[in-house]
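So you can see what is in the structure, the chains are spelled out below.
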Amino acid sequence: TSLRCHVSTLLIPLVERIQLLNVSEKGSLPWKQHVAHAWVYIGLLRLHLLVPSSPIDPGRKPAAKVEELDHFIEELQSNIHSYSLHFGLSCGDFNPDLPTTRLLVAQTELSSKKRTSQEKKIIERPPNSPPFHDLFREIHHFCKTVSSTSNVLALVDLIDRHDSESSYRSQELNWQCSAASFCSRLSTVYAMYEDVTIPCINEIRSIQRGLRELTVNQTESAQAQAIVQTQNILLMYPIATEISSKLLTNDCYDTTMTDVLLRFGNSERNNGKQEMELTHRSYQLATLVRLQLQSQTMLSDTDGVHGKVRDEANSIFSSLAHSSVLDINQKKERTGTASTTENDREEKEFREYFPNHGAEFERIVTSIEEADDLEISDEEDKADDNATLGYSKLQDDELALVVALHREMFTGRRSKIDDNLRLRAFITSYEAASRLSHLTEWLRKSQNDDASSLASHVLALALRCSVRRRAWSPFLSSDSDFHNDPLPSESIRADLPLRNLSLRVGQLLRAFPGHSVLVALGQIVERIRQLDIQVVSLGKVMSGLEVILRKAQDWEQHASQRVQLGAPLKEISTIVASWRKLELQSWSNLLTMREKRRGIRATQHWPRMYGLVHNIGERGGDDSTKVKRRANVAYSPSWVWKGFPAMTTKLSVDGDTKSMADFAKVLDTFLLTANLAEFSDRLALVENFVHEITNEIQSNGTRRLPLSRLL
């Protein structure tokens, strides 16, 4: 009867869709839409057929049958005994072989077999199981409201019309949320009725899949197709693939993001601009790395980078430098221009090498001692995170990559392209592609896209495992920073003592509920165990353990032997002592780490240097300035040419006197203010711009020859 009710609404449309699948091209948009319709029809049909027909627990139905069969078998055996007793007293035969007795014995054997079969079907529920009639009522209510045939088919019809002004996006999203919540409730509240809930959940998932595929597999815009194409290019191993930063523009990204959000009923974008900037910057870095590979294949022994590759690279360099300078200026406006004292600067520099890792754990202790809610500190942390996220300048590793690419691209020396260069390009491209995945996972792709990108995902996973395996080295390398670099092979040692300490604290809290010291210890232990040892430094883990040891003393000095924390605390103390020895061993690398950080500081001047160097050329060609141009010497500081008066005559050239002189002062200050650790890196920055301007002169003439000679 139930199947007959759904023949016209579900079964016939399902057969029609299957027939249409056979005549459609596999992988095409109509084919995917037919598959989505089939999933909806199959899910609806099977769900309504699987709905329990009775409020009696199906696991207890066999038990009721067993009970009935027991009564029936007992009655049969009673009849057999009656016949035996009657014939025994009347004829002397207590085991008569009569047709009636044979029939009773056969019925008894048959009923016993049925009883054994039904007994195997009995499902024993836990004693605390909710009543089955509650589950019966909820499933029937869901099938009559959210998952009713008319409701779901009306939503399918609304999606098929694809009216841009319709609300099918929000309605589909609301249906998905309702179905997901109901499935979650079935799997948690009624977990002991898996024989009933799991088949229903599977069919609800089929309906969800069909509706989602119907929503996703709509006609995509040209911008969306461009983003999918860009991601496919990024996921290709960099052999000779040409790539352009113009494939992914801000307008293209913004239009596609807005379309995807509207498709799912959300017109607001949180942190949308920042997200777009991060994605675009990641794509620019990937493009730069691939352009550097192209430039190496184009270079000869004498020529530099030229043509489309140079113009594309200069465009990206200019965009990165400009955006980074803007971000720096915006940060200065937010933080203000208040002068800092010498002590503040020293404290800031000290914390770069020795961060105050223990402050996070001390806040937990302080908040509990003062009976404050931890939500206050959480909100402060979130505010700090938001401020940090808002400041989207180039990170240190990204800036180091840009400077290295700027040097490699314009030096004019052709280097051998090996797997290391290609792997660097692949990793950067894969990171850019992963930033696009939050868009492309909702966009329609061709049939072979997922299969073609499988090799890229496998390679990325292998590279990540290789990097992690090196990070699990049991020794600190010569350039490792104890307080800032992770050392998972050591950090993992704290897991077992922390787990034992957490169990012990839990036991004591049952005896002393709400004790502030035990609560603080428990929360600190949980916070440390939540840290990602692949990312968090060993120094931070050690700081957390030291806070535990200090706080535990408040308990141990007053506790009797029966309620002491015991062995876990001793194990933690042993681990901290061994890590302190590692910290002492790492002090021999402090000069190396300081030099490394100073080199990073030097690269942070690259965006402003790039802007200054390229603004000189723009000013020189600007007629509005009306600066008198005359023959002049190369505009270097006087101390550079001291003792060589003839050199000033040889280097005479036309140029913008005022701009060049000002730029010479800037360069002079830039180099003279460098300390010993930064001087070579700052000088290398200037040399990189010399190579770039020289390369430009070879291609575009001597217009910027004064700047080249000045540098």
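Rules and cut-offs
Residues numbered from 1 in each chain as written. Predicted model: local features only at pLDDT ≥ 70, side-chain atom pairs only at ≥ 80, totals over all residues. Heavy atoms only, no water. Helix = DSSP H or I, 4+ residues; strand = E, 2+ residues; numbered from the N terminus. Buried < 20%, exposed > 50% of the residue type's maximum accessible area, 1.4 Å probe, protein only. Contact = heavy atoms within 4.5 Å. Areas by Shrake-Rupley, 256 points an atom, 1.4 Å probe, with all protein chains shown as cover. Patch = residues over 30% accessible without salt bridge, like charges linked within 9 Å, V, L, I, M, F, W, Y side chains within 5 Å. Salt bridge = Lys/Arg side-chain N within 4 Å of Asp/Glu carboxyl O. Expected span 1.5 Å × (residues − 1). Phe/Tyr/Trp six-rings, centres within 6.5 Å; stacked < 30°, edge-to-face > 60°. Axes fitted to C-alpha atoms, helices over the stretch in contact; angles between N-to-C directions. Parallel < 35°, antiparallel > 145°, perpendicular 65-115°, else oblique. Left-handed = near helix turned anticlockwise from the far one by under 90°. Nonpolar A, V, L, I, M, F, W, Y, C, P; charged D, E, K, R; others polar. Core = buried A, V, L, I, M, F, W, Y, C linked by side-chain atoms within 4.5 Å. Polar contact = N/O pair within 3.5 Å; in protein donor to acceptor, adjacent residues only side chain to side chain.

## Focus on the overall build of the protein chain
If you tally the helices and strands in the protein chain, you get 31 helices and 2 strands. Looking at the protein chain as a whole, 42% of its 711 residues qualify as buried. If you take every contact in the protein chain between residues at least 6 apart in sequence, the share linking residues at least 24 apart comes to 80%. Just so you have it, the protein chain exposes about 39500 Å², and 54% of that area is on carbon and sulfur atoms.

## Describing the environment of Ser429
When you line up the elements, Ser429 lands in helix α18 (residues 419-440). Overall, Ser429 belongs to the buried group, its relative accessible area being 0%. In the structure, Ser429 is positioned 193 residues away from Met236 in sequence and 8.6 Å away in space, judged by C-alpha atoms. Among residues more than four places away in sequence, those in contact with Ser429 are Leu234, Ala286 and Arg290.

## Concerning the environment of Gly599
Mapped onto the elements of the fold, Gly599 is located in helix α26 (residues 590-603). Judged by its relative accessible area of 13%, Gly599 is buried. The spacing of Gly599 and Arg682 is 83 residues in sequence and 8.4 Å in space, taken between C-alpha atoms.

## Describing a nonpolar patch on the surface
A surface patch of nonpolar side chains, amounting to about 350 Å² of accessible area, comprises Leu85, Leu89 and Phe94. Along the chain, Phe94 turns up in the loop between α4 (61-91) and α5 (99-120).

## As for helix α24 (residues 538-556)
Between the first and last C-alpha of α24 there are 26 Å, a value that for 19 residues agrees with the 27 Å anticipated at 1.5 Å per step. When you tally the buried positions in α24, you get 16 out of 19 residues, the bulk of the element.

## With respect to the packing of aromatic side chains
Tallying each qualifying case throughout the model produces 10 aromatic pairs. Taking 4.2 Å as the distance between ring centres and 0° as the angle between the ring planes, the aromatic pair formed by Phe142 and Phe182 counts as stacked. Residue Phe142 is found in helix α6 (residues 132-144), and its partner Phe182 is found in helix α8 (residues 168-189); the two are separated by 40 residues along the sequence. Judged by relative accessible area, Phe182 falls into the buried class, the value being 10%. Pairing Tyr237 with Phe426 gives two aromatic rings, centres 6.1 Å apart and planes at 40°, and the pair type is tilted. Residue Tyr237 is located in the loop between α10 (222-234) and α11 (250-263), and its partner Phe426 is located in helix α18; the two are separated by 189 residues in the primary sequence. For Phe426, a relative accessible area of 2% gives the class buried. Members of the aromatic cluster, connected to one another through ring pairs, are Phe317, Phe410, Trp606, Tyr610 and Phe689.

## Structural notes on the packing of helix α7 (residues 149-161) against helix α9 (residues 194-216)
In the contact formed by α7 and α9, the axes pass within 10 Å of each other and the chain directions differ by 15°. In terms of orientation, α7 and α9 fall into the roughly parallel class. Considering the relative orientation of α7 and α9, their crossing is left-handed. Only Ile207, Leu211, Leu214 and Thr215 of α9 make contact with α7, whose side of the interface consists of Val152, Leu155, Val156, Ile159 and Asp160. Classifying every residue of the contact of α7 with α9 by side-chain character gives 7 nonpolar, 1 polar and 1 charged.

## Digging into the nonpolar core
Leu288, Phe317, Trp606 and Leu711 are the most contacted members of the largest nonpolar core, which totals 39 residues. No other element matches helix α17 (residues 396-410), which puts 7 residues into this core. What Leu288 contacts, discounting residues up to four positions off in sequence, is Ala313, Ile316, Phe317, Leu320, Leu405 and Met409. Grouped together as the second largest cluster of nonpolar side chains are 37 residues, Ile528, Met542, Ala552 and Val576 included.

## A look at the pattern of salt bridges
The full count for this structure, using the stated rule, is 18 salt bridges. When the shortest N-O distance is used, the salt bridge between Glu203 and Arg46 registers 3.0 Å. Residue Glu203 is found in helix α9, and its partner Arg46 is found in helix α3 (residues 29-50); the two are separated by 157 residues along the sequence. Residue classification places Glu203 among the buried positions, given a relative accessible area of 6%. Two residues, Arg527 and Glu360, come together in a salt bridge whose shortest N-O distance is 2.5 Å.

## Section: the side chain of Gln208
With respect to the secondary-structure elements, Gln208 resides in helix α9. Looking at Gln208, the relative accessible area reads 9%, which means it is buried. Side chain to side chain, Gln208 and Arg205 meet in a polar contact 3.0 Å long. Excluding residues within four positions of it along the chain, Gln208 makes contact with Trp175, Gln176, Ala179 and Ala180.

## A word on the environment of Pro131
With respect to the element layout, Pro131 can be found in the loop between α5 and α6. Each C-alpha atom of the pair Pro131 and Pro55 lies 9.5 Å from the other, and the pair is 76 residues apart in sequence. Apart from the residues within four sequence positions on either side, Pro131 is in contact with Tyr190 and Tyr193.

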